[in-house]
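Structural overview for review
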Amino acid sequence: MKLLPENIRVLYFANDYVEPYVEIITVKDSKRRLSVCSSESSELEEHEDHLEGDNVLPVLTTHSELLNDHHLQKLVAQMPARTQGYPWQLVYSTAIHGSSLKTLYRNMAGLDSPVLLVVKDMYKKVFGAFCSDPFKVSKYWYGTGETFLFTFNPEFQVYRSSGENCYFVSGNIESLQFGSGGSGFGLWLDADLYHGASFSCPTFHNAPLSTHEDFIIQDVEVWTVQS
């Protein structure tokens with residue numbers, strides 16, 4: 001049997017809910033990013049500490065109605081290194097495009113870059129999710145270990161993959177959801193982007209992101225970072 005070069009790794013992913021696939025990457029790439037359900041906690045902590053020290057705000061190509069400098073400073077420190085140094089582009093906004101999950105999906109058609117979902121509810125709480133993949137309709141759960149939930153209620157908190165399952169993101173025409181495996185989703189938005197919910201879930205071991213598990217959505221923005 002012919003051995004692979006030492007700088008090459010072959011990753012195979014499969015379970016009942018995620019479509020099976022094989023990925024061939026270099027050792028350098030594998031260290032640079034998290035694969036599905038990976039838990040590179042030490043590298044993440046080192047990366048986060050480094051970014052917190054830099055204290056560099058990202059450049060937004062469009063004004064955000066939901067994010068201020070404090071939000072940006074905290075969020076950019078948690079995002080993968082491959083997203084650093086690039087402008088943030090607004091892909092979807094309820095203020096501009098109306099409240100429609102279908103429009104949100106349509107605006108991301110053809111997009112191939114990480115996305116940041118930001119929600120503001122009627123309780124004036126800001127929270128959301130970062131995903132390694134654009135949101136889409138899919139019968140399978142998708143995303144990688146880079147996906148995380150966050151909240152500014154009351155202080156900034158990030159909930160990363162627990163490694164317990166791979167239920168990162170799932171989208172259909174009726175809803176968009178993040179995290180599962182328990183009695184509720186980590187974050188759930190309905191088709192009209194009007195009703196939402198957030199429960200503790202095994203995927204992220206998160207607390208509810210808002211002050212109430214069920215909430216009314218005021219505004220939504222989705223940003224992408226294209227390198």
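Up top is the structure these notes are about.
Only a predicted model underlies this, so the values are computations on that prediction, with no experimental measurement involved. (Residues numbered from 1 in each chain as written. Predicted model: local features only at pLDDT ≥ 70, side-chain atom pairs only at ≥ 80, totals over all residues. Heavy atoms only, no water.)

Burial runs high along strand β5 (residues 126–131): 6 of the 6 residues are buried. Counted between consecutive antiparallel strands, the loop separating strand β4 (residues 115–121) from β5 contains 4 residues, among which Lys 124 sits at a positive phi close to 70°. Pairing geometry for β5 and strand β6 (residues 148–151), over 4 bridges, is antiparallel. Along β6, the bridge assignment pairs Gly 128 with Phe 150. (Buried < 20%, exposed > 50% of the residue type's maximum accessible area, 1.4 Å probe, protein only. Helix = DSSP H or I, 4+ residues; strand = E, 2+ residues; numbered from the N terminus. Pairing = 2+ DSSP bridges.)

A word on the pattern of salt bridges. Applying the stated criterion across every chain yields a total of 1 salt bridge. Residue Glu 146 is joined to Arg 82 by a salt bridge in which the shortest nitrogen-to-oxygen separation is 2.5 Å. Of this pair, Glu 146 sits in the loop between β5 and β6 while Arg 82 sits in the loop between α3 (69–76) and β3 (88–93), placing them 64 residues apart in sequence. What makes Arg 82 partly exposed here is its relative accessible area of 30%. (Salt bridge = Lys/Arg side-chain N within 4 Å of Asp/Glu carboxyl O.)

This part is about the packing of aromatic side chains. Going through the model one piece at a time under the given rule, you end up with 8 aromatic pairs. Aromatic pair Phe 150 and Phe 152: ring centres 6.1 Å apart, planes at 75°, arrangement edge-to-face. Phe 150 gets classed as buried once you look at its relative accessible area, which sits at 0%. Judged by its relative accessible area of 10%, Phe 152 falls in the buried class. Counting every residue linked through ring pairs, the aromatic cluster contains Trp 141, Tyr 167 and Phe 185. Note that Lys 136 overlies the ring of Tyr 142, its terminal NZ or CZ placed 5.0 Å from the centroid. (Phe/Tyr/Trp six-rings, centres within 6.5 Å; stacked < 30°, edge-to-face > 60°. Lys NZ or Arg CZ within 6 Å of the ring centre and 35° of its normal.)

Tracing the backbone through its elements, the reader meets Leu 111 in the loop between α5 (101–107) and β4. Considering only alpha carbons, one finds Leu 111 and Val 91, 20 residues apart in sequence, at a separation of 9.5 Å. With sequence-adjacent residues up to four places away left out, Leu 111 is seen in contact with Val 91, Pro 134, Thr 224 and Gln 226. (Contact = heavy atoms within 4.5 Å.)

As for its placement among the helices and strands, Thr 151 is situated in strand β6. Polar side-chain contacts of Thr 151 include one of 2.6 Å to the backbone oxygen of Leu 209. When residues no more than four places from it in sequence are discounted, the contact partners of Thr 151 are Val 126, Phe 127, Phe 156, Gln 157, Tyr 159 and Leu 209. (Polar contact = N/O pair within 3.5 Å; in protein donor to acceptor, adjacent residues only side chain to side chain.)

Within β3, 5 of the 6 residues are buried, which leaves it mostly tucked inside the rest of the structure. In terms of strand pairing, β3 meets strand β12 (residues 214–225) through 5 bridges, oriented antiparallel. In the sheet register, Leu 90 faces β12, and the bridge partner there is Trp 223.

The omega angle of the peptide bond from Asn 153 to Pro 154 is -10°, so this bond is cis rather than trans. As for its placement among the helices and strands, Pro 154 is situated in the loop between β6 and β7 (157–160). Even without a glycine there, the phi angle at Leu 193 is positive, about 50°. As for its position among the elements, Leu 193 is in the loop between β10 (187–190) and β11 (195–197). A relative accessible area of 2% means that Leu 193 is categorised as buried.

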